[in-house]
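One letter stands for each residue in the lines below.
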Amino acid sequence: MSVSDMNLHMRNEKRMIARLKEAGWGIAEGAATLDLASLFYDNGRMVIEVEHHYERGELLLTLISPMGLQVTVYPVYGDSLERTLDAIVGFQDRVTSENFQEALSELVSACPEVYVQKGEDDEPRLLTGE
């Protein structure tokens, strides 16, 4: 990784952390130990976790219901980090296990590519706006 790529990664990571902390997110347990930008938000009906993966310029976003059901999406944000974070913050307080697909469609509108993975053994597939 070049120095300019590393600098861009650090700037994006700092922007992500600042934006989510400003919106009430907490740093995930063990994130500092693992040197990982990992934050979480609990709206009382759904827990949302976000990790920053700079190698691919993507986030790892996991929505977890109180019953333990979860869906993981990979927003590959490209030049749209701000819009992607705005979408996440926009639905953080209203996303539930009943309406999470609506929230994911908001994410697809904001982010150039979003992949979804339903279970650990599933292959990630591209989400579309339809």
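Heads up: the structure comes first, above all this text.
Let me sum up the structure you'll find in this document. (Residues numbered from 1 in each chain as written. Predicted model: local features only at pLDDT ≥ 70, side-chain atom pairs only at ≥ 80, totals over all residues. Heavy atoms only, no water.)

Turning to the side chain of His 52, a few remarks are in order. Locating His 52 in the fold gives a position in strand 3 (residues 47–53). One polar contact links His 52 to Tyr 77, side chain to side chain, over a distance of 2.6 Å. Among all residues touching His 52, those that are not within four sequence positions of it are His 9, Asn 12, Glu 13, Met 16, Leu 36, Ala 37, Glu 58, Leu 59 and Tyr 77. (Helix = DSSP H or I, 4+ residues; strand = E, 2+ residues; numbered from the N terminus. Polar contact = N/O pair within 3.5 Å; in protein donor to acceptor, adjacent residues only side chain to side chain. Contact = heavy atoms within 4.5 Å.)

Extensive coverage of strand 5 (residues 70–76) is indicated by the burial of six of its seven residues. Sheet topology places strand 4 (residues 58–64) next to strand 5; five bridges connect them, and they run antiparallel. Each bridged residue has a counterpart across the sheet, and for Leu 63 the counterpart in strand 5 is Val 71. Linking two consecutive strands that pair antiparallel, namely strand 4 and strand 5, is a turn of five residues; a positive phi of about 90° is found at Gly 68 within it. Taken together, the five bridges between strand 5 and strand 6 (residues 113–117) define a ladder with antiparallel strand orientation. Residue pairing across strands places Tyr 74 opposite Tyr 115, the latter belonging to strand 6. (Buried < 20%, exposed > 50% of the residue type's maximum accessible area, 1.4 Å probe, protein only. Pairing = 2+ DSSP bridges.)

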